[in-house]
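# An overview of the molecular structure
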Amino acid sequence: YPRRRNFVREFFEQLYIRRILQYILYMFLSLVLQNMIFTQVRLFGVHPMVLPSVCVAVGMFLGSTWGAAFALVMGIFADMAFVENTLLFTLLFPTIAFFSGFVCQFFVNRRFFAFMGLSLVAAFGTAVVQMVATFLGDAWSPVMLKTVILQTLWSLPPAVLAYFPPAHWIS
């Protein structure tokens, strides 16, 4: 007789339940870190933003498609946490994760130095998009450019924290 296949077991093995739970925990801790701890830390009136770096890390290690799906869910929760945003992070974070995955698949490696470069670009892009969203609602001010630069630079030290969990899970 041919051997019976255990379809239920094969189904759950294909889903990678452990990895899914790890990334859910990673998303939860990132959102808690951003919303509860980094809102209390200011440098020249600017808060660090770690969530774009989380999107870069997930895009790098999960790939474009799954990274964008993860970042979409995280963007929805981030928009719920930030009062001034309605769809900003929901649209921006999947874009960051998709392009990070794309760039890592074809152009750069998945090492720490490449991650920090992509995180710098993502942090700057996020700050610019936030500035443009504010500019559309209010009047433009030169202080906005100073805020973009400060937020970008202040977001790099916490970005180091975003790299290691996904890098460790993949290896």
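Refer to the structure presented above.
Residues numbered from 1 in each chain as written. Predicted model: local features only at pLDDT ≥ 70, side-chain atom pairs only at ≥ 80, totals over all residues. Heavy atoms only, no water.

The N-to-C vectors of helix α3 (residues 51-62) and helix α4 (residues 64-81) enclose an angle of 155°; their axes lie 7 Å apart at closest approach. Between α3 and α4, the angle is such that the two are roughly antiparallel. For the crossing formed where α3 meets α4, the hand is right-handed. Contacts from Leu51, Val54, Cys55, Val58, Gly59 and Leu62 of α3 reach α4 at Ser64, Trp66, Gly67, Phe70, Ala71, Met74 and Ala78. Within the contact of α3 with α4, the residues separate by chemical class into ten nonpolar, three polar and no charged. (Axes fitted to C-alpha atoms, helices over the stretch in contact; angles between N-to-C directions. Helix = DSSP H or I, 4+ residues; strand = E, 2+ residues; numbered from the N terminus. Parallel < 35°, antiparallel > 145°, perpendicular 65-115°, else oblique. Left-handed = near helix turned anticlockwise from the far one by under 90°. Contact = heavy atoms within 4.5 Å. Nonpolar A, V, L, I, M, F, W, Y, C, P; charged D, E, K, R; others polar.)

With twelve residues, α3 ought to run about 16 Å at 1.5 Å a step, and its terminal C-alpha atoms sit 16 Å apart, in line with that. Turning to α3, its buried residues are Leu51, Pro52, Ser53, Val54, Cys55, Val56, Ala57, Val58, Gly59, Met60 and Phe61. Note on α3: the residue one or two positions beyond its end, glycine 63, has a positive phi of about 100°. (Expected span 1.5 Å × (residues − 1). Buried < 20%, exposed > 50% of the residue type's maximum accessible area, 1.4 Å probe, protein only.)

As a rule of thumb, soluble globular proteins bury nonpolar side chains together. One finds Tyr26, Leu51, Phe70, Met74, Phe93 and Phe115 to be the most contacted residues of the largest nonpolar core, which totals 36 residues. Among the secondary structure elements, those contributing two or more residues to this core are α2 (17-37), α3, α4, α5 (88-106), α6 (112-137) and α8 (156-170). Among the elements that take part in this core, α3 stands out by supplying eight residues, more than any other. (Core = buried A, V, L, I, M, F, W, Y, C linked by side-chain atoms within 4.5 Å.)

So, on to the side chain of aspartate 79. Along the polypeptide, aspartate 79 turns up in helix α4. Assessed through its relative accessible area of 6%, aspartate 79 is described here as buried. Within the local environment of aspartate 79, its side chain forms a polar contact with the backbone nitrogen of phenylalanine 89, the two atoms lying 3.1 Å apart. (Polar contact = N/O pair within 3.5 Å; in protein donor to acceptor, adjacent residues only side chain to side chain.)

Among the structural elements, phenylalanine 61 can be located in helix α3. For phenylalanine 61, a relative accessible area of 12% puts it in the buried group. Sequence spacing of phenylalanine 61 and arginine 110 is 49 residues, and the spatial spacing of their C-alpha atoms is 7.4 Å.

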